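# Examination of the molecular architecture
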Amino acid sequence: MTRDGSAATTDEAPAEAYWRRNLAVCVFGSFTTIVAMTLLLPFLPLYVEELGVKDQAAIVQWSGVAFGATFFSAALVAPLWGRLADLYGRKLMLIRASLGMAVAMSLIGLAGNVWQLVGLRLLAGLLGGYASGSTVLVATQTPKDRSAWALGTLASGIMAGNLVGPLVGGVLPPLIGIRATFFAAGGVIFLAFLATLFLIREEPRPPRSARAGGGFSSIPDKRPALAMLATGMLLMLAVMSVEPIITVYVAELTPDPARVTLIAGLAMSATALGSILSAPRLGRLADRIGPWTVITASLTASAVLLVPQALVTSEWQLVGLRFLMGLALGGLLPCIASVIRHSVPDRVAGTMLGYSTSSQYVGQVLGPLLGGFVGGHIGMRAVFLGTAVLMALGAAGTALARPKGMRA
C-alpha cells in the first residue's frame, strides 16, 4: 500500500522491497573487486621479477604497464557495458563482471611470463567493471529521493577497497605466497558473484522495443550530462595530478629521510579516509538540498584547500589538509552519478554512467602526466596551485551549467 492507502504498483514494490539489499550486495561486490584490482601494488615488482624480468629499469617499466593495463581496457569498454545494461539488464552485467573478474584474477596467479601477466590484466579490465555496473544499478533501482545517499554509501565501499587493497597485498604474500594471493582474491570475488546471482533483485524491465534507441540524441537537455562528464574527469585529474608527486613533496618537508614513505603513505591514506567518511553524509545532504549545490561547494572547498597545501612548512600540516581535502571530495562522485540519473531517460542511464566512468579514467591517465610535467619543470608547489585553479574553474562551470528551474 502507498502512503495514501492505494495499492502499490508492481513496478514500485520491488524497488521499495529490495533496493537496500541490492545496495548492500553492490557495496560488498565493489569492495572485493577493487581490493583485488589494487592488492598487487605492494608486490607487483616482485611478481614481475619472479616471471623472469631481471633488469631493475625493466621491472619498474613492466610493473607500470601491468598495473595500468586493467584501467586502460576498463575505460574502453565501460560505455559498452553501460549500453548493454540498459538493453539487457543491470543485474546481468554485474553477474558477468563478478564471474569474469573471479576467473581473470585466478588466471593471473597462473601467469608464466610477463606478457601473460599484462594480457591477463587487460582481460580483467575487459571482463570487469563491477563497481561501475553497481553505480548504474544503484542509481537506477534506488528511489530518486534516496539515490545520492545510496551512491555515497557505494562510493565509500569503493574507496575503502582502494585503501584496503594495498594493505591486504602487503600482508598476504608473505603468509601464503604471491600466486595464492591471486587465487584467494578470485575466491572472494566468486562469493560476490554468488551474492549477486541470488540476492540482487532488479525491477521488471519494459519491452526491449521500448529500450531500443538512445544515446545523446534521446536526452532533451544535454548540458547537465556533459557538465558531469567534464566534472568527473576534472575530479580524477585533480586527485591524480597530486598523488604521484606526494612522496617527492614530503621529502622536501621531512628532515628524516627514513620517514618519507611513512608520511607520504599517511598523506595519501588521509585523503581516502576523509572521502570514505564524508561520501554518505554528503550524499544524504544532496538528497535534501540538491546535488548541484553540493558539487559546486565541494569543488570550491577543494580549490581553497589546495592553496595552503602549496604553502605548508610541516609534513603534518600536509596530512591534515589532505584529510580535509578528502572530506570535500567525498561527495563528488555520488552527486555526479545522481545528476546524470536525474537528467537522462532511464533507458540510457547505464550508457551515460558508462561514459562518466570512462571520463574519470581519462582524468586518471591525464592527471599523473600533467602533475609530473608541472612538478618537474616548474616545481612541486605549482602542481597544487595549478590544480586549485582547475577546481575553481570547475566550480564556476558547474554553477553556470545548472539548468534553470532544476533543484540546486
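Keep in mind that what you see is a predicted model, and the values were worked out from it rather than measured. (Residues numbered from 1 in each chain as written. Predicted model: local features only at pLDDT ≥ 70, side-chain atom pairs only at ≥ 80, totals over all residues. Heavy atoms only, no water.)

### A closer look at the packing of aromatic side chains
This is how the line gets drawn: Two rings from Phe, Tyr or Trp (for Trp, the six-membered ring) form a pair when their centres sit within 6.5 Å of each other. Planes less than 30 degrees apart are called stacked, planes more than 60 degrees apart edge-to-face, and all others tilted. Only DSSP runs of H or I reaching four residues or more are called helices, and only runs of E reaching two or more are called strands; each is numbered from the N terminus.
For the structure on display, the rule yields six aromatic pairs. Ring plane angle 75 degrees and centroid distance 5.6 Å describe the contact between F43 and F182, whose orientation is recorded as edge-to-face. Of this pair, F43 sits in the loop between α1 (12-38) and α2 (44-50) while F182 sits in helix α8 (residues 178-199), placing them 139 residues apart in sequence. Measuring from centroid to centroid gives 4.9 Å for W62 and W115, while their planes differ by 75 degrees, and the two rings are edge-to-face. Here W62, found in helix α3 (residues 56-88), pairs with W115, found in helix α5 (residues 114-127); they are 53 residues apart in sequence, far enough to count as distant. Joined through ring pairs, the aromatic side chains of F43, Y47 and F182 make up one cluster.

### Quick notes on helix α6 (residues 130-141)
For clarity, the cut-off: Take the residue count of a helix, subtract one, and multiply by 1.5 Å to get its expected span. The buried label goes to any residue with under 20% of its type's maximum accessible area, the exposed label to any with over 50%, and the partly exposed label to all in between, with areas taken from a 1.4 Å probe on protein chains only.
Helix length check: α6 (12 residues) gives 16 Å between terminal C-alpha atoms against 16 Å at 1.5 Å per residue, within 8%. Where burial is concerned, most of α6 is hidden: 11 out of the 12 residues are buried. Among all positions in α6, only Y130, A131, G133, S134, T135, V136, L137, V138, A139, T140 and Q141 are buried.

### Observations concerning the nonpolar core
Side chains that are nonpolar tend, in soluble globular proteins, to be buried together. Quick reminder of the rule: We call a set of buried Ala, Val, Leu, Ile, Met, Phe, Trp, Tyr and Cys residues a nonpolar core when their side-chain atoms join them within 4.5 Å. The criterion used for residue contact is that any of the two residues' heavy atoms lie within 4.5 Å.
Ranked by size, the top nonpolar core spans 109 residues in total, and within it Y47 and L117 carry the most contacts. Beyond its immediate stretch of four places on either side in the chain, L117 contacts L44, Y47, V48, L51, A66, I108 and A111. Core analysis: the next-biggest nonpolar cluster, separate from the first, contains five residues, A155, M159, A160 and A279 among them.

### Describing the confidence of the model for the protein chain
We apply this condition: Confidence of the predictor at the level of single residues is captured by pLDDT, which takes values from 0 to 100.
Confidence in the prediction for the protein chain averages 83 pLDDT; 90% of positions are at 70 or higher. Low confidence marks residues 1-15, where pLDDT is under 50. Its contacts with residues over four positions away, or in another chain, come to 13 contacts.

### Topic: α3
For clarity, the cut-off: The reported bend at a residue is simply the angle between two axes, fitted to the 7 residues ending at it and to the 7 residues beginning with it. Pairs of N or O atoms are called polar contacts if they sit within 3.5 Å, as long as, within protein, a hydrogen donor faces a hydrogen acceptor (for residues adjacent in sequence, only side-chain-to-side-chain pairs).
Over its 33 residues, α3 runs 47 Å from end to end, which matches the ideal 48 Å to within 8%, given 1.5 Å per residue. Of all bends in α3, the biggest is about 45 degrees, found at V77, and the proline P79 comes one to four residues later. Between the side-chain oxygen of the N-cap and the backbone nitrogen of A58 there are 3.1 Å, and the N-cap of α3 in question is D55.

### A look at the environment of R259
Structurally, R259 is set in the loop between α11 (246-253) and α12 (260-289). By relative accessible area, R259 is classed as partly exposed at 26%. Sequence spacing of R259 and V304 is 45 residues, and the spatial spacing of their C-alpha atoms is 28 Å. Those residues within four positions of R259 in sequence are excluded, and the remaining contacts are T254, E315 and W316.

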